Amino acid sequence: MAEILYPSGLATLKSMLRANSPVRRKLKQDAAVLKARLTGGLRPDPTLRWLFIFTFPNGGSTAFSDLLGSSAAARRLWSNCEGQWLIPELADVRRRMLEKPLVSSAKLRRVWMRQAGPRGGADRVVIEKSPDNMFRWRHIRDSFADMPQTSIVFTRAPLPTVASWMGRYDWSAAASGWAGRLGMPAATREDRLCILAELYLRRARALVACRETADLTLSYETLCRDPAICLRKIADLEPLLKDVDPTALLNVKDYKPRPLRNMNEQSVAKLLPEDRAVLQAYFDSTGAALLADLGYPGGEAQV
């Protein structure tokens, strides 16, 4: 009988350990946490909880995190809720889009947990939204798997996101810097606009992957349209945030404090018509299916 059952049992074990099986995921999480503790990572804090927001740069996440920050239980690792700036390896712009872990789980836990404040006291939730977390979401979530955590994929339409990049940074130089890594030309303005569009699409693919284990997918547009409903959904996932004020005044970049509002139209209006046409053409030809999957089909729906 054992000879008959053994192959069946082996097949079951192999099935359980397939790459995406829940059993394999749990074993990897436990191994990551155990290794972190053995190599100097801090033991779990029973009063500490985590809310990870996986999002685009300039994707409206500062407004979102500032809104969540109106809760008495909310904490931030850095002024803008981006803990990557506490760890040089994570802050290195040259390595931002690498998918492999850039630091050990032990170091990540040690730095972030200490920054979250002393152990004990009232329960608190750390709001963490470093945009490059999207490329290493498994490592980040697994590193804190022994503590309560919630993850949200937060999206924003492509045109206003890219327009925001162009309005706030030296986008032409940045695009040229990415050309070699993307294998794209950067000789003309049109070339560099296509690089920005490609960077958006690569981040969009990463966000789609993040949805695999996310507790909620939410768009900037939906949040702005009805923040009260969105915040109730978040409070259902993380009850400590039930006191978030949907009318709170937000400190976003260089704007004066004001309630949440959708800035998409203002951002897109700053694009030159010819620049918008180049971006739209690239999105339509290269990323139509991906954008539809993300919730932004082509045309004016992207605004």
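This one's a predicted model, so the numbers in the text were calculated from it and none came from an experiment.

What counts, and at which threshold
Residues numbered from 1 in each chain as written. Predicted model: local features only at pLDDT ≥ 70, side-chain atom pairs only at ≥ 80, totals over all residues. Heavy atoms only, no water. Helix = DSSP H or I, 4+ residues; strand = E, 2+ residues; numbered from the N terminus. Buried < 20%, exposed > 50% of the residue type's maximum accessible area, 1.4 Å probe, protein only. Contact = heavy atoms within 4.5 Å. Areas by Shrake-Rupley, 256 points an atom, 1.4 Å probe, with all protein chains shown as cover. Core = buried A, V, L, I, M, F, W, Y, C linked by side-chain atoms within 4.5 Å. Arc of directions from axis to C-beta. Polar contact = N/O pair within 3.5 Å; in protein donor to acceptor, adjacent residues only side chain to side chain. Pairing = 2+ DSSP bridges. Axes fitted to C-alpha atoms, helices over the stretch in contact; angles between N-to-C directions. Salt bridge = Lys/Arg side-chain N within 4 Å of Asp/Glu carboxyl O.

Student: When you look at the overall build of the chain in this model, what are you seeing that I'm missing?
Tutor: When helices and strands are tallied, the chain shows 14 helices and five strands. A buried classification covers 49% of the 303 residues belonging to the chain. Long-range pairs, those at least 24 residues apart, make up 78% of the contacts in the chain with a sequence separation of at least 6. Split by element, the accessible area of the chain, about 14600 Å² in all, is 57% carbon and sulfur.

Student: What exactly am I supposed to notice about the nonpolar core here?
Tutor: It is characteristic of soluble globular proteins that their nonpolar side chains tend to be buried jointly. Trp 50, Trp 112, Tyr 200 and Phe 283 are the most contacted members of the largest nonpolar core, which has 58 residues in total. Counting only elements with at least two residues in this core, the list comes to strand 1 (48–55), helix 5 (105–115), helix 6 (137–143), helix 7 (158–168), helix 8 (171–182), helix 9 (189–210), helix 13 (273–286) and helix 14 (288–294). Considering each element in turn, this core owes the most residues, 12 residues, to helix 9. Apart from residues no more than four positions distant in its own chain, Trp 50 is found in contact with Leu 77, Trp 112, Met 113, Val 125, Val 126, Phe 144, Met 147, Pro 148, Gln 149 and Thr 150. With 27 residues, the next largest nonpolar core counts Phe 64, Ala 74, Val 125 and Val 252 among its residues.

Student: Explain unusual backbone geometry to me, please; I cannot follow it from the model alone.
Tutor: Here Asn 58, not a glycine, exhibits a phi torsion of approximately 55 degrees, which is positive. With respect to the helices and strands, the residue Asn 58 is situated in the loop between strand 1 and helix 3 (61–68). Under the relative-accessibility criterion, Asn 58 is labelled buried at 9%. Phi at Cys 81 takes a positive value of approximately 65 degrees, unusual for a residue other than glycine. Within the element layout of this structure, Cys 81 appears in the loop between strand 2 (74–76) and helix 4 (88–91).

Student: Honestly, helix 5 in this entry has me stumped. Any pointers?
Tutor: Every α-helical turn comprises 3.6 residues, leaving residues that sit three or four positions apart pointing alike. Looking only at helix 5, the buried set comprises Ser 105, Ala 106, Leu 108, Arg 109, Trp 112 and Met 113. All buried residues of helix 5 project into a common sector of 160 degrees when viewed along the axis, lining one side. Phi for Gly 117, located one or two positions after helix 5, is positive at around 110 degrees.

Student: Can you walk me through the environment of Ser 65 in this structure?
Tutor: Its location among the elements puts Ser 65 in helix 3. According to the relative accessible area criterion, Ser 65 is buried, its value standing at 2%. Separated by 17 residues in the primary sequence, Ser 65 and Glu 82 place their C-alpha atoms 9.9 Å from one another. Ignoring anything within four residues of it in the chain, the contact list for Ser 65 reads Arg 76, Asn 80, Cys 81, Ile 127 and Lys 129.

Student: What exactly am I supposed to notice about the environment of Asp 226 here?
Tutor: Inspection of the secondary structure assignment puts Asp 226 in the loop between helix 10 (220–225) and helix 11 (227–237). Measuring from C-alpha to C-alpha, the distance between Asp 226 and Pro 246 comes to 9.0 Å, with 20 residues separating the pair along the chain.

Student: Would you explain the environment of Glu 238 in this entry?
Tutor: Summarising the element assignment, Glu 238 is placed in the loop between helix 11 and helix 12 (264–269). In sequence terms Glu 238 and Gln 149 are 89 residues apart; their C-alpha atoms lie 8.4 Å from each other. Contact partners of Glu 238, with chain neighbours within four places excluded, come to Arg 49, Val 125 and Thr 150. Engagement of the side chain of Glu 238 in a polar contact is seen with the side chain of Arg 49, the distance being 2.7 Å.

Student: Explain the sheet that holds strand 1 here, please?
Tutor: Each strand in a sheet pairs with its neighbour through backbone hydrogen bonds, running either in the same direction (parallel) or in the opposite one (antiparallel). The five strands lie next to each other as 2-3-1-4-5, forming an open sheet whose pairing is parallel. With partners counted over all chains shown, the strands left at the sheet margins are strand 2 and strand 5 (216–219), one partner each. Neighbouring strand axes in the sheet, compared pairwise and without regard to direction, differ in orientation by 30 degrees on average. Sheet topology places strand 4 (residues 149–155) next to strand 5; four bridges connect them, and they run parallel. Residue pairing in the sheet places Val 153 in a bridge with Thr 217 of strand 5. Across the sheet, helix 3 touches strand 1, strand 2, strand 3 (124–128), strand 4 and strand 5, and the angle it forms with strand 1 is around 160 degrees. Across the sheet, helix 9 is in contact with strand 1 and strand 4; its angle to strand 4 comes to roughly 145 degrees.

Student: Explanation requested: the pattern of salt bridges in the structure shown.
Tutor: A side chain with one charge may pair with a side chain of the opposite charge, provided their charged atoms come close. Following the criterion strictly, the structure yields 15 salt bridges and no others. Notably, a salt bridge pairs Asp 66 with Arg 76, separated by 3.5 Å at the nearest N-O pair. Residue Asp 66 is found in helix 3, and its partner Arg 76 is found in strand 2; the two are separated by 10 residues along the sequence. In this structure Arg 76 comes out as partly exposed when scored by relative accessible area, which is 34%. Between Arg 202 and Glu 198 there is a salt bridge; the shortest N-O distance is 2.9 Å. With Arg 202 and Glu 198 both in helix 9 and four residues apart, the pair spans about one turn of that helix. Owing to a relative accessible area of 6%, Glu 198 belongs among the buried residues under this scheme. What you see here is one network of salt bridges that share partners, running through Arg 96, Asp 132 and Arg 203.

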